[in-house]
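# Structural features, examined
Now for the letters of each chain:
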Amino acid sequence: MPAPLSGGCLCGAIRYTVSVSITELRACHCRDCQKSTGGAGTVNAVIPSAAMQIAKGTPKRYSVTADSGRTLHRFFCGDCGSPLFSRRETTPENTALRIGTLDDSSGMKITANIWTRSARPWAYIDPASQQFPGQPDAPAKK
Ligand SMILES: [Zn+2]
Ligand SMILES: [Zn+2]
């Protein structure tokens with residue numbers, strides 16, 4: 001989809017715009033994403049945080065130590081609970097936007113699946129996509 005894009009939470013209390021075009025998506029199958037969505041995980045567009053403007057409302061923030069060991073801030077609507085986006089403590093300049101909150105996400109494709117080792121048996125993973133058992137860019141474990 002060409003920019004600008006618009007989206008928001010289920011109840012409409014939070015609205016945002018995105019000033020970059022989005023084509024490639026990354027699905028995360030980590031347990032935290034499963035818990036936070038109540039589904040197979042999250043589907044995200046990784047965009048520069050500066051390209052996203054909150055047009056209405058203030059998302060609530062829940063911070064958690066992710067499976068990667070890093071602190072992840074998860075932003076959501078405090079009224080209806082919709083997950084909206086997340087940002088790492090160490091790289092706040094990047095935003096993982098929950099793509100289901102866009103008003104129109106046609107023309108986009110999941111090109112990578114991460115944390116496939118914790119994917120549920122009923123989650124669909126396109127065999128043509130890149131697949132990573134964990135975090136593809138995680139810091140090296142000692
Ligand atoms: Zn809401
Ligand atoms: Zn995840």
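Coordinates for the structure precede this section.
The rules we used
- Residues numbered from 1 in each chain as written.
- Chains lettered and ligands numbered in written order.
- Predicted model: local features only at pLDDT ≥ 70, side-chain atom pairs only at ≥ 80, totals over all residues.
- Heavy atoms only, no water.
- Salt bridge = Lys/Arg side-chain N within 4 Å of Asp/Glu carboxyl O.
- Helix = DSSP H or I, 4+ residues; strand = E, 2+ residues; numbered from the N terminus.
- Buried < 20%, exposed > 50% of the residue type's maximum accessible area, 1.4 Å probe, protein only.
- Contact = heavy atoms within 4.5 Å.

## A look at the pattern of salt bridges
Within the structure shown, the criterion is met by two salt bridges. The residue R15 makes a salt bridge to D103 at a minimum N-O spacing of 2.7 Å. A residue pair is termed long-range when its members are at least 10 positions apart, and R15 in strand β2 (residues 15-18) and D103 in the loop between β9 (94-98) and β10 (109-114) qualify at 88 residues. By relative accessible area, R15 is classed as partly exposed at 27%. Between D126 and K109 there is a salt bridge; the shortest N-O distance is 3.6 Å. Here D126 is found in the loop between β10 and β11 (130-131), whereas its partner K109 is found in strand β10, with 17 residues between them in sequence.

## A closer look at the environment of L25
Considering the arrangement of structural elements, one finds L25 in strand β3 (residues 24-28). Separated by 86 residues in the primary sequence, L25 and T111 place their C-alpha atoms 5.8 Å from one another. In this view, L25 contacts V43, N44, A45, I99, M108, K109, I110, T111 and A112; residues no more than four positions away in its chain are not counted.

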